[in-house]
Amino acid sequence: MIADPAAWQRTSPFAIVFFVGKTIKGFAQSFAQLLVTFGALAVLIRRNPYLFLLIPLGILAIIAAGVLQYWFFRFAIQEDRILIRQGVLRKTSLDLPFERVQGINVERSLVDRMLGLVTVSLDTAGSGAAEGQLPCVDAALADLLRTRVGTRHSRRHADGFGDDGESASGVAVDRSTRDMRGLIGARREELLKLTGGDIVRIGLANRNIVLMAAFFGALGQLFLYGEDALRPAVESAEAAVAAGGDLARTIFFAGLIVTLLAISLALVIGAAVLRHHNFTLWREGTTLRSRAGLLTHKEVVVETAKIQQISVSQSLLMRLFGRYRLQALPAAAAVPAEARDSAAAGLAEVLEVPALTDNRAEGIRTRVFGREGDGLTVLPGSRGFARISAHFIPVLTLRISLVSALIGAVILLAIVGSERALGVAVAVVIWWFCSLPPAALISWLKWHRHGYVYTGEGLANRGGFLGRKVDSFLFRKVQSVAVRQSPLQRRKGLATLHAHLACGKVTVPFINHGMACCLRDRILYRVESSLRWL
Amino acid sequence: MTGSPGIPDCTKTGTPVPGPFANPEIRPDSLPRAATVAWQPLHPRYAKRLQAGALIRIGVLAAVVAAAHVTVLIAGFETLSRIAVWPLRILWALCVLGAVWAVVKPVIVVPRCGYAVREKDILYRSGVLWQSVRVVPFNRVQHTKTDSRLLDRRFGLANLTVFPAGAGSQKIPGLGTETAENLLAHVSERIEAEKPQTADDSC
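A. Region of the structure containing the overall build of chain A. Along its length, chain A carries 15 helices and 19 strands. Counting only residues that meet the buried cut, chain A has 43% of its 534 residues in that class. Sequence separation of 24 or more characterises 61% of the internal contacts of chain A that already satisfy a separation of 6 or more. For chain A, the accessible area works out to roughly 26300 Å², and carbon and sulfur atoms hold 65% of it.

Spelled out as structure tokens, the structure:
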């Protein structure tokens, strides 16, 4: 167990694997950088084969960097805060008071699970300050952290921290005990568990299936080129096919396609199982937790009050299955660019439920938004959505067709050269005219998808193209609001409303200008009369 | 405003609201309107500062083009100078157009920008064709800063930026140095006064 958490200590040596992974990830973050590196390396090796030795040296260097990072990573857990010191050349030290910790996320890889270790991430508020991550620590330490953070939060409430100046002390005490229970985990309520059927549905609805098909197509092309190597197999297959005539040939190709399809399906479903196996969502006091994964257990913890926005999306296939995908976006989901360094990147966890029915989605909405969310829907199919103005269609049509014409012009100019500029111009104009009907169709579809619902407390905005997505939020969580008008919108009395939240932006395009201003004033009223948004 | 419909417990939908609680109905037309504020213009020198900045950039571009032109002329390659004629002409034309635009644009744009400070929020409007009005409530502002670059200081100007949580910060450029400092002090004071309670005080 833990000897003395307040003393400076290192994590388990297995954290070296984590740090090596992080270094590689850091390299791979810039794809262009990686490409240039490998390109340069390939050229150099062709020039001088001895440079081949650089590769093991590089690997050794990365491992050494991992070991050094592990060696210099120390942390201490005090009564009310956690201190983390890290860095080999550039030393950083992080002092994180537990009061500022929003959530404790725990991830266990396969190795972690065999060794009884966990990787703990501490989420902080959306201001984008440094966030802490403890790789490969004892599982008991995660529990200790949870307990400390829980007591800290509750002590703050017990001190009689008011709520908009309207709550009596009794409420605070009540809440403190609730928080205590919530963070320590005495009361659990299971909200949702994914069934095997749901996981298969997720796999089937995966967009990567198209990519996979393209990949196999490319692979097939590759085989045609690399025929020499495969000649015997291909020849025997060809001989068999030729012998059997047309029917056999058809069967052969159909079989090939079916096999490839089966392999793709197995891959996507396998990936879904790997990621979402045993997905459970439960409520513990004021937090929502999810845990999933076959090999790597991933646990996401989000405080309900920190959730800024609920996004429910549905792709075409998921619509066929009658399932939705829900994301609860907490405040820290969008960290400002200047604060995003290697330590903080990718930490703010979005709680995602990959497949759920409409009732469950509404249930989660009720839990997160409470009574303020009454009348607000999160379902794309619900009837209450008001349409946006149809002037949206010609504007989008024009935009899409112009962009396609511009791209066409650039490509044509690159191919035929500038000598035949007149011909290019004529071709582009024809291309532009031809692109108008499909662009109009796309625009109509997008217009058809757009819609919004508002109540006195919140707004739900629907959008999408083939799939559908609804972003819903409470007015009091808004950070700033803007109303924009293009020249055409001004003439038609329309406007576009932008609501900036701590997790991103919600845009309601082409609504009545008066309505936009009214919504803006309503949002401002709610924001300015409420201090709670976290 | 007293109408905050505090719902202390949004996880238990059925529980009654504890404590004294008021939630008067608000008629939509009685809400304070953001459309009818008195806009403060940006500093008159801001247009000149934008012109100067743009002209300097155009000057650098023109210098590069001139250097290229001279190189082509001196090198005297027959084919190169023949090929380079049109690109050079286009670049020179771009320089001239850019210079004209650099002078004209600020004159059009700056008078149409403006800001307004209300008790609880700060507004900024901008745009000539695509007009936009953005409102940032003080009780959502995390921090604020003023900055002035070399050119700004030359014209006695400064920029004020307010940062709400998330990615969308709002910059109000082209303020007089003194105005910017006063605004910074005022905004900081308002932020302090309207400070939101963080974490867990709500449900």
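After presenting the structure, the write-up continues.
B. Up close: the overall build of chain B. A tally of regular secondary structure across chain B gives 4 helices and 7 strands. Helices and strands in chain B line up, N terminus first, as β-α-α-β-β-β-β-α-β-β-α. Across the 203 residues of chain B, 41% fall into the buried class.

C. Region of the structure containing the sheet that holds strand β2 (residues 81-86) of chain A. Residue and element names in this part refer to chain A. Here we have 3 strands laid out as an open sheet, ordered β1-β2-β3, and antiparallel in their pairing. The two strands at the open ends of the sheet, each matched to only one other strand, are β1 (74-77) and β3 (92-97). Taking each pair of neighbouring strands and ignoring which way they run, the sheet shows an average axis angle of 10°. In the sheet, β1 pairs with β2 via 4 bridges, with the strands oriented antiparallel. Paired with Arg-74 across the strands is Arg-85, a residue of β2.

D. Summary view of the nonpolar core. Core analysis: the biggest nonpolar cluster contains 36 residues, and Leu192(A), Leu281(A), Ile310(A), Leu326(A), Val353(A) and Leu356(A) have the highest contact counts within it. For Val353(A), the contacting residues outside a window of four places in its chain are Leu192(A), Phe279(A), Leu281(A), Tyr324(A), Arg325(A), Leu326(A) and Ile364(A). Formed by 34 residues, the second largest nonpolar core is a distinct cluster that contains Phe392(A), Leu396(A), Leu501(A) and Val37(B).

E. Expanded view of the pairing of strand β2 (residues 114-117) of chain B. Residues and elements named next belong to chain B. Sheet topology note: the strand β1 (residues 40-41)/β2 ladder contains 2 bridges and is antiparallel. Within β2, the residue paired with Gln-40 across the bridge is Tyr-115. Bridge count for β2 against strand β3 (residues 121-126) is 4 bridges, and the pairing is antiparallel. The residue of β3 that forms the bridge with Val-117 is Ile-122. Where β2 folds back onto β3 in an antiparallel hairpin, the turn is made up of 3 residues.

F. Inspection of the packing of helix α12 (residues 392-416) of chain A against helix α13 (residues 421-449) of chain A at higher detail. All names here are of chain A. Between α12 and α13, the least distance of the axes is 7 Å, while the angle of their chain directions is 145°. With respect to the hand of their crossing, α12 and α13 are arranged in right-handed fashion. Looking at side-chain class alone, the contact of α12 with α13 contains 22 nonpolar, 5 polar and 1 charged residues.

G. Summary view of helix α4 (residues 177-193) of chain B. Residues and elements named next belong to chain B. In a regular helix each residue adds 1.5 Å, so 17 residues correspond to 24 Å; α4 covers 24 Å between its end C-alpha atoms and thus fits that length. The set of residues buried in α4 consists of Ala-180, Leu-183, Val-187, Arg-190 and Ile-191. For α4, the buried positions fall inside an angular range of 100° around the axis, keeping them on one side. The exposed residues of α4 that point more than 90 degrees off its buried face are Glu-178, Glu-181, Glu-189, Glu-192 and Ala-193. Next to the buried residues of α4 lie β2, β3, β5 (141-147), β6 (157-164) and β7 (170-176).

H. How the structure looks around a nonpolar patch on the surface. Residue and element names in this part refer to chain A. On the surface, a nonpolar cluster with roughly 700 Å² of combined accessible area is contributed by Phe-14, Leu-110, Val-111, Met-114, Leu-115, Leu-274, Leu-294 and Leu-295. The greatest single-element share of the nonpolar patch, amounting to 4 residues, is contributed by helix α4 (residues 110-115). Note on Leu-110: relative accessible area 38%, which makes it partly exposed.

I. Representation of a positive patch on the surface in the model. A contiguous patch of positive charge on the surface is contributed by Arg57(B), Lys105(B), Lys145(B), Arg149(B) and Lys171(B). Residue position: Arg149(B) is located in the loop between β5 and α3 (150-154).

J. How the structure looks around the sheet that holds strand β11 (residues 307-314) of chain A. Residues and elements named next belong to chain A. Spatial strand order, β13-β12-β11-β16-β15-β14: 6 strands in an open sheet with antiparallel pairing. Of all strands in the sheet, those with a lone pairing partner are β13 (351-356) and β14 (451-454), marking the two edges. Averaged over all adjacent pairs, the angle separating strand axes in this sheet is 15°, with direction ignored. One ladder, built from 6 bridges, connects β11 with strand β16 (residues 468-474); its direction is antiparallel. In the strand pairing of β16, Ile-310 is matched with Ser-472. Taken strand by strand, helix α11 (residues 358-369) contacts β11, β12 (324-330), β13 and β16, and its axis lies near 155° from that of β13.

K. Geometry of the environment of His498(A). Its place among the elements puts His498(A) in strand β18 (residues 494-501). At 3.2 Å, the side chain of His498(A) forms a polar contact with the side chain of Thr507(A).

L. The confidence of the model for chain B, seen in detail. All names here are of chain B. For chain B, mean pLDDT is 80; residues scoring 70 or higher make up 82% of the total. Here residues 1-19 is a poorly scored stretch, pLDDT under 50, and it has 55 contacts once near neighbours within four places are set aside; other chains count. Overall, residues 198-203 carries pLDDT values under 50, and its contacts beyond four positions in sequence, including any with other chains, amount to 33 contacts.

M. The arrangement of the pattern of salt bridges in detail. All names here are of chain A. This model, assessed by the stated rule, comprises 18 salt bridges over all chains. Here Asp-521 makes a salt bridge to Arg-520, at a shortest N to O gap of 3.7 Å. For the pair formed by Asp-521 and Arg-520, the shared burial category is buried. Within this structure, Glu-284, Arg-289, Arg-291 and Glu-299 form a network of salt bridges that share partners.

Rules used throughout
Residues numbered from 1 in each chain as written. Chains lettered and ligands numbered in written order. Predicted model: local features only at pLDDT ≥ 70, side-chain atom pairs only at ≥ 80, totals over all residues. Heavy atoms only, no water. Helix = DSSP H or I, 4+ residues; strand = E, 2+ residues; numbered from the N terminus. Buried < 20%, exposed > 50% of the residue type's maximum accessible area, 1.4 Å probe, protein only. Contact = heavy atoms within 4.5 Å. Areas by Shrake-Rupley, 256 points an atom, 1.4 Å probe, with all protein chains shown as cover. Pairing = 2+ DSSP bridges. Axes fitted to C-alpha atoms, helices over the stretch in contact; angles between N-to-C directions. Core = buried A, V, L, I, M, F, W, Y, C linked by side-chain atoms within 4.5 Å. Left-handed = near helix turned anticlockwise from the far one by under 90°. Nonpolar A, V, L, I, M, F, W, Y, C, P; charged D, E, K, R; others polar. Expected span 1.5 Å × (residues − 1). Arc of directions from axis to C-beta. Patch = residues over 30% accessible without salt bridge, like charges linked within 9 Å, V, L, I, M, F, W, Y side chains within 5 Å. Salt bridge = Lys/Arg side-chain N within 4 Å of Asp/Glu carboxyl O. Lys, Arg positive; Asp, Glu negative; His and termini not counted. Charge placed at Lys NZ, Arg CZ, Asp CG, Glu CD. Polar contact = N/O pair within 3.5 Å; in protein donor to acceptor, adjacent residues only side chain to side chain. pLDDT = per-residue confidence, 0-100.

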